[in-house]
Amino acid sequence: MEDYRAYEFKIGKPFRYTDNAEPERYLEKVYEAEAWIRQFQKEDKDGIYWSIDENKPIDFSFCDGISGLAYFYLELGKATKNEEYTDIGLKASQYLARNWRKTLSAKGFFDSPNVELNIASGTISLATVLLQTYRNYKRDIEEKALREIADEILSRKIETGGEITWTDDPTLLFDGGIELFFIALAETLDSKEYDHAIVALVDHILSKEIRDERGGSRWENLLAGYTLDKRPNFELGTAGVGYILSRAYEYTHDVKYLEAAERAAKNIRAISVRRGRGILVPYRDEPTEGLIFYVATCHGPAGTSKLFYNLYKLTGKTEYLETIDELYEGLRAIGVPERQSAGYWNNTCICCGTAGTLQFFLNYYNVSGERKSLEAAIKAGNILLSENEKRVAGRTWPLAFTRVTPEKISETYAYNNGSSGIASALLQLYLTLTTGYKYDKLIDDPYPQKAI
């Protein structure tokens, strides 16, 4: 049994840190992470997949399974010009294309209509990677699978008076993710065949708007059986819905969607909390356990800032870029990335932890040129150089994925929740400091693929 005492959680506890690391150290850790992941790799007639426990069903998702690893290998191959990595990524994408229907039976954590389509662990999460592969390699196998997925999703729609829905939940994780998929698919295939679904679904999402006396409008997670308090950030809240609406405006040019997206941004500003010279958005609106600030992608600035960056791109209004700077300053005010806090526990992953803050700092640096943000990214990278363990094969990052059970520490190859995502963040830092940042972004990320 592993000794994980070094990874215990305590508010104010500093993460371990490596001083004055050369950029090559980041790439070295990426290679070591890949070596650890490689030991779980399998191959059959359909392609390549990964499995830690062969007694459990194969995980196809982006969050924890094959989809995230396919993305990791394709970007690693592109960044290092190593065709072996690219080949692994393409064979994994092939496996997804041939087996995507298996995601339709995975209900996961909710018992509601079409929840298995969700963008974190369901069919849409797999489709986002197939889209990325097709954009770069234009292979027939991904195109065929994408069209089949779209047809399957459309066959499951629920029509309500000119609008359509799948889960009746407007957030990014559910109906919002389906909206992003259809917009990206239509753009990628240069096709108008999905326009009715795009407009009918976004109109249903818009119908869930709640005007807020504090300012702007909010959207709440409405999925049946989901009774936790309101969460305003990216994955399950107003920030994510605002981003979806801004993408609908980009695609349709209907100004009502842009106006709604700006109301979402106004609401996020209205409920934000001043921290130092910056702001942060609480994990829960109307909190029951005191103010908690998540720091990374799912419920923190790394995700929520995507709304403000896309609005900045679309409108040119500097107030949106200034909000990103305030989110940066808010993180620094509570000790991110150096010290643990209530919403920054013993977790270094890209979803909720250090790797996610690293990616945010790089994104902000790439669009603003703010040197302070690059320096914060380097601090996060130097923490990731230390908060890991050498194994017989390669290196891994032990972490507690769930905030409410920080004693449950595990090691996984997952992209959102484990080593491949952490390695990807380190790879992006290495590229920024050496050859230049260039990293393909998925459908939920408007930040540029290379520095502006």
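Above this text is the structure in question.
Residues numbered from 1 in each chain as written. Predicted model: local features only at pLDDT ≥ 70, side-chain atom pairs only at ≥ 80, totals over all residues. Heavy atoms only, no water.

Visitor: Provide a residue-level description of the overall build of the protein chain, including the pertinent values.
Guide: Across its full length, the protein chain holds 14 helices and 10 strands. The globule rule puts the C-alpha radius of gyration for 452 residues at 22 Å, and the 21 Å found for the protein chain is close to it. Each principal axis of the C-alpha distribution contributes one length, and for the protein chain these read about 60 × 55 × 40 Å. The buried share among the 452 residues of the protein chain stands at 63%. By sequence separation, contacts in the protein chain at least 24 residues apart represent 69% of the contacts at least 6 residues apart. On the protein chain, roughly 17,300 Å² of surface is accessible, and the fraction owed to carbon and sulfur atoms is 47%. (Helix = DSSP H or I, 4+ residues; strand = E, 2+ residues; numbered from the N terminus. Rg over C-alpha atoms; globule rule 2.2 N^0.38 Å. Buried < 20%, exposed > 50% of the residue type's maximum accessible area, 1.4 Å probe, protein only. Contact = heavy atoms within 4.5 Å. Areas by Shrake-Rupley, 256 points an atom, 1.4 Å probe, with all protein chains shown as cover.)

Visitor: Describe the packing of aromatic side chains, and please don't skip the residues or the numbers.
Guide: In this structure the tally under the stated criterion is 26 aromatic pairs. Judged by centre distance (5.0 Å) and plane angle (40 degrees), the ring pair of F15 and Y344 falls under tilted. One end of the pair, F15, is in the segment before α1 (23-38); the other, Y344, is in the loop between α11 (318-333) and α12 (354-368), and 329 residues separate them in sequence. Residue F15 shares its accessibility class with Y344, and that shared class is buried. A connected cluster of aromatic rings, assembled from ring pairs, spans Y31, W50, F72, Y73 and Y85. Residue placement shows R16 over the ring face of Y7; its charged tip is 4.7 Å from the ring centre. The aromatic ring of Y134 is capped on one face by K138, whose charged end is 5.4 Å from the ring centroid. (Phe/Tyr/Trp six-rings, centres within 6.5 Å; stacked < 30°, edge-to-face > 60°. Lys NZ or Arg CZ within 6 Å of the ring centre and 35° of its normal.)

Visitor: I'd love a proper account of the nonpolar core, names of residues and values included.
Guide: In terms of nonpolar packing, the biggest core is built from 150 residues, with W50, I153, F181, F182, L245 and F360 touching the most fellow members. Tallying contributions element by element places helix α6 (residues 175-189) first for this core, with 9 residues. Residues contacting F360, with those up to four places away along its chain left out, are P301, A302, S305, I324, L327, Y328, L331 and Y447. (Core = buried A, V, L, I, M, F, W, Y, C linked by side-chain atoms within 4.5 Å.)

Visitor: How would you summarise the environment of I271 if you had to cite specific residues and measurements?
Guide: Considering the arrangement of structural elements, one finds I271 in helix α9 (residues 255-271). Its relative accessible area of 9% is what places I271 among the buried residues. With 56 residues separating them along the chain, I271 and G215 place their C-alpha atoms 8.4 Å apart. Apart from the residues within four sequence positions on either side, I271 is in contact with R214, P232, V281, P282 and D285.

Visitor: How would you sum up the side chain of H204? Please name residues and give values.
Guide: Secondary-structure assignment places H204 in helix α7 (residues 195-206). Overall, the relative accessible area of 7% leaves H204 in the buried class. Side chain to side chain, H204 and D168 meet in a polar contact 2.7 Å long. (Polar contact = N/O pair within 3.5 Å; in protein donor to acceptor, adjacent residues only side chain to side chain.)

Visitor: Lay out the pairing of strand β1 (residues 41-44) in plain terms, naming residues and giving numbers.
Guide: Pairing of β1 with strand β2 (residues 47-50), which is carried by 4 bridges, proceeds in the antiparallel orientation. Within β2, the residue paired with K42 across the bridge is Y49. The antiparallel pairing of β1 with β2 creates a hairpin that spans 2 residues between the two strands. (Pairing = 2+ DSSP bridges.)

Visitor: Residue-level account of the state of the cysteines, with values.
Guide: For the structure shown, the criterion picks out 0 disulfides. C63 takes part in no disulfide bond, and the closest cysteine sulfur to it belongs to C351, at a distance of 6.3 Å. Classification of C63 by relative accessible area gives buried; the value is 12%. With no disulfide of its own, C349 lies 4.6 Å from the sulfur of C352, the closest cysteine sulfur. For C349, a relative accessible area of 0% translates into the label buried. (Disulfide = S-S within 2.5 Å.)

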